[in-house]
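Coordinates in review
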Amino acid sequence: MSDLFDYAREQRQQQDAPLAVRMRPRTVDEFVGQAHIIGPGRLLRRAIEADQLSSIILWGPPGTGKTTLANIIAHHTARHFSRLNAVTSGVKDLRVLIAEAQERLGMYGQGTVLFIDEIHRWNKAQQDGLLPFVEDGTVVLIGSTTENPFFSLVNPLLSRSRVFQLLPLTDDDVLEVMRRALSDAEHGLGRMPLTLADDAAAHLAAVAGGDARSALNALELAARTTPPQADGTIYIDLDAAQESIQRRAVRYDKSGDEHYDTISAFIKSVRGSDPDAALYWMAKMLHAGEDPRFILRRLFILASEDIGLADPQALVVAASAAQAFEWVGMPEGYYFLSHACLYLATAPKSNSAGAIWKALGHIEQYGPGDVPLYLRDKADSFHGPARDNYRRAQQEAVGDQGSYQYPHDYPGGWVAQQYLPLDMSPPGWYQPTDIGYERTIRQRFDHLGDPDAD
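Nothing here was measured: the structure is a model prediction, and the numbers come from that model.

**Considerations on a nonpolar patch on the surface**
Taken together, the side chains of Phe-150, Phe-151, Trp-327 and Val-328 make up a nonpolar region of the molecular surface, amounting to roughly 440 Å² of accessible area. Those elements giving two or more residues to the nonpolar patch turn out to be α8 (149–152) and α17 (313–328). Mapped onto the secondary structure, Phe-150 falls in helix α8.

**A closer look at the sheet that holds strand β4 (residues 139–145)**
With respect to topology, five strands assemble into an open sheet ordered β2-β3-β4-β1-β5, the strand pairing being parallel. Edge positions in the sheet fall to β2 (80–85) and β5 (162–165), since each of these pairs with one other strand and no more. On average, each strand axis in the sheet is inclined to that of its neighbour by 20 degrees, with strand direction left out of account. Packing against the sheet, helix α6 (residues 91–108) makes contact with β2, β3 (112–117) and β4, and its axis sits at approximately 175 degrees to β2. Contacting β3 and β4, helix α7 (residues 124–135) crosses the sheet at an angle of about 135 degrees to β4.

**Observations concerning the packing of helix α16 (residues 292–307) against α17**
Following both chains from N to C, one finds α16 and α17 inclined at 170 degrees, their axes separated by 8 Å at the closest point. In terms of axis orientation, α16 runs roughly antiparallel to α17. Between α16 and α17, the residues in contact are Pro-292, Arg-293, Leu-296, Leu-299, Phe-300, Ala-303, Ser-304 and Ile-307 and Ala-314, Leu-315, Ala-318, Ala-319, Ala-321, Ala-322, Phe-325 and Glu-326, respectively.

**Considerations on the packing of helix α10 (residues 171–183) against helix α12 (residues 212–225)**
At their nearest, the axes of α10 and α12 sit 10 Å apart, and the two run at 40 degrees to each other. When the axis of α10 is compared with that of α12, the two are oblique. Here the hand of the crossing between α10 and α12 comes out right-handed. Note on element contacts: α12 touches α10 through Ala-212, Ala-215, Leu-216 and Leu-219, opposite Val-174, Val-177, Met-178, Ala-181 and Leu-182. Looking at side-chain class alone, the contact of α10 with α12 contains nine nonpolar, no polar and no charged residues.

**Considering helix α5 (residues 66–76)**
Of all the 11 residues making up α5, eight are buried; the element is thus mostly covered by neighbouring parts of the structure. The secondary structure elements touched by the buried residues of α5 are α3 (35–38), α4 (43–49), β1 (56–59), β2, β3 and β4.

**A short note on the environment of His-259**
As for its position among the elements, His-259 is in helix α14 (residues 257–271). His-259 sits 29 residues away from Ala-288 along the chain, and the two C-alpha atoms are 9.8 Å apart.

**Concerning helix α11 (residues 198–208)**
Counting buried positions along α11 gives eight out of 11 residues, so the element sits mostly inside the fold. Residues of α11 that are buried include every one of Ala-200, Ala-201, His-203, Leu-204, Ala-205, Ala-206, Val-207 and Ala-208, and no others. At its buried positions, α11 is contacted by α10, β6 (194–196), α12, β7 (234–236) and α13 (238–245). In the segment just after α11, Gly-209 is the residue with positive phi, at about 60 degrees.

Conventions adopted
Residues numbered from 1 in each chain as written. Predicted model: local features only at pLDDT ≥ 70, side-chain atom pairs only at ≥ 80, totals over all residues. Heavy atoms only, no water. Patch = residues over 30% accessible without salt bridge, like charges linked within 9 Å, V, L, I, M, F, W, Y side chains within 5 Å. Areas by Shrake-Rupley, 256 points an atom, 1.4 Å probe, with all protein chains shown as cover. Salt bridge = Lys/Arg side-chain N within 4 Å of Asp/Glu carboxyl O. Helix = DSSP H or I, 4+ residues; strand = E, 2+ residues; numbered from the N terminus. Pairing = 2+ DSSP bridges. Axes fitted to C-alpha atoms, helices over the stretch in contact; angles between N-to-C directions. Contact = heavy atoms within 4.5 Å. Parallel < 35°, antiparallel > 145°, perpendicular 65-115°, else oblique. Left-handed = near helix turned anticlockwise from the far one by under 90°. Nonpolar A, V, L, I, M, F, W, Y, C, P; charged D, E, K, R; others polar. Buried < 20%, exposed > 50% of the residue type's maximum accessible area, 1.4 Å probe, protein only.

Following this line, the structure appears as structure tokens:
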């Protein structure tokens, strides 16, 4: 009789569960996104379908499918599936599950898959307590985490597991998830007379930022709170979408003029050393759902194109910000974007690194020149007499070009000699400015060859 009541209770819980829970895929084919790890022919998909899974760590932002993948594995495996949440459980709970797993294995030969949600919440001692049972095969571990496991998990646990990184869903992925929810009459909103406006759907997808759970929760809130029209239909427009996800829409087409106009204003503001304007345009892009990595890539370019040797650290800061963003993610990643933006906006500016385009233009127009004999690599493919004969033939063909002068043998580590092709005059492509660190470069160049210089 208790089983009947338990079943009825589970059914009510399923009916009352949030839309994001009800719409969780039950098979691999229903899963949206993450094709790089779960697409046809990929290792994780093959392991799930063959029920040959070994211990894994699923790492990714919220709403990208970590728990969903664990549930799919639960439906596919013949092993017993147990779960723990590291926030609400500890070693005592783990011991109970391990004892049950050992009993199942000993009495029935049935293995156990243990899913630990937010495993990074466990401290080192708790993680160490899990190691022997992963090691001896008592359980196959599935750990999910939003934190970088290479920092938040102990090394012995990592060495016994394979890490799969889940990426934020694309806007198209989130739109597909919402379309399924709108058409699914059993688990979704398909029984409701709903119409979701295109701009409202695009807004929910953009603001969700790759988090399908966030988009579905907002969609359900809009569906439940929007009053029906005279004909009984519920029309979710942009205003309803904005209210449901608590974010105003920003006029920003990622593939249209607004995208290019805004990034242009951003770059020009950083180049023009206006930190407030740079932050404003960057905030607009982030608010509208622009990929932060796109902004970081543009900052990389700007660090060399518009700052260059006026502050050589600019590129280092941009690179460090990008690496920190990958390690930490959002929302703390906003700090790294701001750090790089402000550093580059306040740095001294020089476009002298663009000298490469002058050099490329010269090569394109005149073709590449010959390397002077004294600059050529001595460790060539010829050895012994063959090498000497080759060098002698070169000498006879072009005449005596002198010998290489090692700069460190001369005062100041510099000596005047021709490094360009012998028939080419110095073009002066690189001209250091008097701004920032380039002032030091200019002063050094001005004193090269001066015997009285320091």
